[in-house]
Amino acid sequence: MSEAPKKKVYTDTQKHDIFNREFMPHIDSMYNFAYRLTTDEDDANDLVQDTYLKAFRFITSFEQGTNAKAWLFRILKNSFINDYRKKSKQPAKVDYQEVETTYNSEDADASHTVDLRTDSVQDMIGDEVANALNALPVDFRTVIILCDIEGFTYEEMAKILDIPIGTVRSRLHRARNLLKEKLRDYADSMGYDA
């Protein structure tokens, strides 16, 4: 009978050193991934904060010298899924005070401004592509982000998503086809043959 691997014991200084050296360089990638999953700045910030809290809390289970970015992405993805499940089981909440205030305000009939939350993504991939990507179901959006934007290998993606590599490949294929369909009209209008 094999024994479970022993947990590493680190001093507080060692924990902080590992955290700063291995985890912090990936904070921008983590935020970008979180934002693309949640499509909300506050939710993305909360998700990244939760991910880094968990990473520090469970730092003894991180194997130094392995892919810290993939380990963090897996924590973030699992946190997102768990939070999504929790939220989907809760009834929708309405702030009646906010509705009443908006209804009674002078600009109740005015059209609202465009949602600018996707600026960071649009700078990198453009309005139409960002909108099409955000419109994909989360499983498909996730594989495209991990592979085509973050540059993870299929093997790394399989570990992050905790799915077989064959599922990664087929999901990525279907995701790219869905994205292609969503962008067909845009490509035609830009003069590309679809």
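Here the structure is a predicted model, which means the values were calculated and not measured. Per chain, the residues get numbers from 1 upward, laid out in the order the sequence is written. The predicted origin of the model limits local features to residues at a pLDDT of at least 70 and limits the giving and counting of side-chain atom pairs to 80 or more, whereas totals for whole chains, interfaces and linings rest on all residues. Working from all heavy atoms in the structure, the side-chain values ignore hydrogens and water.

## Details of the overall build of the protein chain
Then comes step 1: Scanning the protein chain for helices and strands turns up 10 helices and zero strands.
Then comes step 2: What you see in the protein chain, going N to C, is helices and strands ordered as α-α-α-α-α-α-α-α-α-α.
Then comes step 3: Only protein chains enter the accessibility calculation, which uses a 1.4 Å probe; a residue is then buried when its area is under 20% of its type maximum, exposed when over 50%, and partly exposed in between. Every one of the 194 residues in the protein chain was classed for burial, and the buried ones make up 32%. A run of H or I in DSSP becomes a helix once it reaches four residues, and a run of E becomes a strand once it reaches two; helices and strands are each numbered from the N terminus.

## Considerations on the packing of aromatic side chains
Then comes step 1: Each Phe, Tyr or Trp ring, with Trp reduced to its six-membered ring, pairs with another whose centre is within 6.5 Å; inter-plane angles below 30 degrees give stacked pairs, above 60 give edge-to-face pairs, and intermediate values give tilted ones. Summed over all chains, the structure comprises nine aromatic pairs.
Then comes step 2: Ring centres of tyrosine 31 and tyrosine 35 lie 6.0 Å apart, and the angle between their planes is 25°; this geometry places the pair in the stacked category. With tyrosine 31 and tyrosine 35 both in helix H2 (residues 27-38), this residue pair falls four residues apart, about one helical turn.
Then comes step 3: Centre to centre, the rings of phenylalanine 62 and tryptophan 71 are 5.2 Å apart; their planes meet at 50°, and the pair counts as tilted.
Then comes step 4: Phenylalanine 62 sits in the buried class, given a relative accessible area of 1%.
Then comes step 5: Within the aromatic cluster, the residues linked to one another by ring pairs are Phe19, Phe23, Tyr52, Phe56, Phe62 and Trp71.
Then comes step 6: Charges are assigned to positions over rings by a cutoff of 6 Å between ring centre and Lys NZ or Arg CZ, combined with an angular limit of 35 degrees from the ring normal. Across the ring face of phenylalanine 152, the terminal group of lysine 69 is positioned such that the distance to the ring centre comes to 5.2 Å.

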